Amino acid sequence: MLVDGLDRLSSRFWSAVLERDRLSQTDRLLADVFHGLTGNPHPVLERRERQLEAVARERKKKAIKAAALRRKKALRSARAEQR
């Protein structure tokens, strides 16, 4: 009942629930005009997806580096045991 009057595009509550960026009516209109003229979605509409993809890439890089470091340590310990 409290959220009935909130705008689904510009309220912080609905932006969090719908996992979208909060955009004003003007921002949405300008993005629609950009899309109409270029045929491509405006970058502001895809900002959240790009941020999530960047975070996922960074996590993957860290995991790869950590795995490489563990392999390197395992090789060093195996070599030390052979000696």
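Residues numbered from 1 in each chain as written. Predicted model: local features only at pLDDT ≥ 70, side-chain atom pairs only at ≥ 80, totals over all residues. Heavy atoms only, no water.

1. Looking at a positive patch on the surface
- Residues Lys72, Lys73, Arg76, Arg79 and Arg83 make up a contiguous surface patch of positive charge.
- With respect to the secondary-structure elements, Lys72 resides in helix H3 (residues 47-82). (Patch = residues over 30% accessible without salt bridge, like charges linked within 9 Å, V, L, I, M, F, W, Y side chains within 5 Å. Areas by Shrake-Rupley, 256 points an atom, 1.4 Å probe, with all protein chains shown as cover. Salt bridge = Lys/Arg side-chain N within 4 Å of Asp/Glu carboxyl O. Lys, Arg positive; Asp, Glu negative; His and termini not counted. Charge placed at Lys NZ, Arg CZ, Asp CG, Glu CD. Helix = DSSP H or I, 4+ residues; strand = E, 2+ residues; numbered from the N terminus.)

2. Topic: the confidence of the model for the protein chain
- Considering every residue of the protein chain, the mean pLDDT works out to 85; 94% of them sit at 70 or more.
- When mean pLDDT is taken per element in the protein chain, H3 scores highest with 92 and helix H1 (residues 12-18) scores lowest with 74. (pLDDT = per-residue confidence, 0-100.)

3. Observations concerning the pattern of salt bridges
- Per the counting criterion, the structure on display carries 1 salt bridge.
- Put simply, Lys61 and Glu58 hold a salt bridge, and the shortest N to O gap is 3.7 Å. Here Glu58 and Lys61 lie together in helix H3, a separation of 3 residues that amounts to about one turn.
- Residue Glu58 is classed as partly exposed on the basis of its relative accessible area, which comes to 41%. (Buried < 20%, exposed > 50% of the residue type's maximum accessible area, 1.4 Å probe, protein only.)

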